[in-house]
Amino acid sequence: MTHKIVILGGGTGGTIMANRLRRVYDPTEAEITVIDENDSHVYQPGLLFVPFGLTHPEDIVRPRQRQLHDDITFTLCPIDRVDKSANEVHLNDGAVVPYDVLIIATGATVLPDETEGLTGPGWMEKVFTFYTLPGAAALEGALARFDGGRLVVNVVDMPIKCPVAPLEFAFLADWYFHDRGIRDDVEITYVTPLDGAFTKPVAAQTLGGLLTEKGIELVTEFNTGEVDGAAGKLISYDGREVPFDLAAVIPLHGGSEYVGRSPELGDELNFVPADNATLQSEAAPNIFVIGDASNLPASKAGSVTHFEGEVLTENVRRFLAGQELDASYDGHANCFIETGFKKALLIDFNYETEPLPGHFPGSAGPMPLLKESRLNHLGKLMFQWFYWHALLPGRDMPGIKADMPAGGKHRPEA
Ligand SMILES: Cc1cc2nc3c(=O)[nH]c(=O)nc-3n(C[C@H](O)[C@H](O)[C@H](O)COP(=O)(O)OP(=O)(O)OC[C@H]3O[C@@H](n4cnc5c(N)ncnc54)[C@H](O)[C@@H]3O)c2cc1C
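Here is a short report on the structure shown in this document. (Residues numbered from 1 in each chain as written. Predicted model: local features only at pLDDT ≥ 70, side-chain atom pairs only at ≥ 80, totals over all residues. Heavy atoms only, no water.)

1. As for the site of the ligand
Here is step 1 of the chain: Looking at the ligand, there are 31 residues lining it, with Thr-12, Gly-13, Asp-36, Arg-64 and Ser-256 nearest.
Here is step 2 of the chain: Contacts to the ligand include Arg-64, whose side-chain N or O atom sits 2.8 Å from an oxygen atom.
Here is step 3 of the chain: Lys-300 places a polar main-chain atom, nitrogen or oxygen, 3.5 Å from an oxygen atom of the ligand.
Here is step 4 of the chain: When the ligand is considered free in solution it has 1,000 Å² of accessible area, and contact with the protein chains removes 93% of it.
Here is step 5 of the chain: Secondary structure elements with two or more residues in the shell around the ligand: α1 (12-24) and α6 (302-320).
Here is step 6 of the chain: The element best represented in the shell around the ligand is α6, accounting for three residues. (Near = heavy atom within 4 Å. Polar contact = N/O pair within 3.5 Å; in protein donor to acceptor, adjacent residues only side chain to side chain. Areas by Shrake-Rupley, 256 points an atom, 1.4 Å probe, with all protein chains shown as cover. Helix = DSSP H or I, 4+ residues; strand = E, 2+ residues; numbered from the N terminus.)

Written out as structure tokens, the structure reads:
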């Protein structure tokens, strides 16, 4: 019997899963179909660098279909809904795609219209988001024209993709204005709904210290209720105001809209509830989730998606073979944090262990954790090559496994 495996979304997770599963099954054993609404695969970590002219939109986009191995069917069409009771996916063009196993990899999307005023007067003139390609490209022009005043970086609400990217933006802005010789003329303010610079206490302390060192003001517990682009101010639900001349805003995120049209598939934000360790959805045993589309308490990051891919490939195989699932995904995440001036930090953590100082991978590893270094910056730059040539093709990364390395980390004394 030929299994029908359907993968919704041809981004990081969908491509990894299709290519890994193609290695597990030959085409007579499984038909693998990837469905996406467009054929432009954006290397999203590159969006951080576009506003500063450090990379260009054309350097971070490739055709989706070309990232898929032979004998994988690519269908270009928006998804309308999933009918889990019939094991079918309905597409916008009326086509109905049956499945034995469904993998949801439709990611997270930004919802700027959900915040009052955000897309009103000033949007794409002095209020931008670098979380989309057009936004990042437009922000490059705005930063180049900016010759002094108040720059605000604002996270509207959690969860967001790559929770460290807004901090990286603030650090790079500090470097960028230094480089242009106008740093003294620019006030940079980082405005977050969290009670510190980051979610986890040890990293929050290190990253908060770096903000202070770089003269970036930190405003915490600010829940943005409105963005008044005309007057140039953020207004919180409790009436506090933060003025700006230029704002880089990270809007509220949600899952893809079709999830809301699919009975009993998603939560109120259209994320798909799933088992933290097996990635099997709560909706049905033959529906699995990978990457940003899930409601797992893991980071929404490409590294998480990659590590999940190892466990999920095994679980799809086990499910189709009628075996017990592998409950081994531990929430492992691994992120470089660009801090400007050709340096970066590295954090490595999972559900249980917060980011700690030390070395990676393991105590003899060359990369310092939670500490700025040139090597980490080079790692961040090299990651783009690994993304296209190792991650997406579904190869394992040498020395880096799905489960977090326990060694090489130490908890600083209080
Ligand atoms: C600015 C920025 C910086 C980042 N930096 C890093 C970093 O340094 N390190 C890191 O690990 N991660 C980083 N990330 C996060 C990383 O890019 C994502 O976590 C990762 O791409 C998630 O993969 P995914 O497959 O879940 O979603 P995606 O790769 O976003 O793929 C989702 C796919 O689903 C498709 N889709 C959605 N809805 C539909 C529909 N209705 N019909 C058809 N197709 C649909 C979309 O077109 C898309 O192709 C960053 C993200 C951003 C935005």
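2. Quick look at the sheet that holds strand β9 (residues 101-104)
Here is step 1 of the chain: Strand order in the open sheet made by the five strands is β5-β2-β1-β9-β20, with parallel pairing throughout. Since the sheet does not close on itself, it has two edges, and those belong to β5 (72-76) and β20 (287-289), each with one partner. Neighbour to neighbour, the strand axes of the sheet diverge by 20° on average, direction disregarded.
Here is step 2 of the chain: Pairing analysis gives three bridges linking β9 to β20, with the strands arranged parallel. Of the residues in β20, the one forming a bridge with Ile-104 is Val-289.
Here is step 3 of the chain: Against the sheet, α1 touches β1 (3-8), β2 (30-36), β5 and β9, its axis set at about 170° to β2.
Here is step 4 of the chain: Helix-sheet contacts for α6 involve β1, β9 and β20, and the interaxial angle to β9 is about 160°. (Pairing = 2+ DSSP bridges. Axes fitted to C-alpha atoms, helices over the stretch in contact; angles between N-to-C directions. Contact = heavy atoms within 4.5 Å.)

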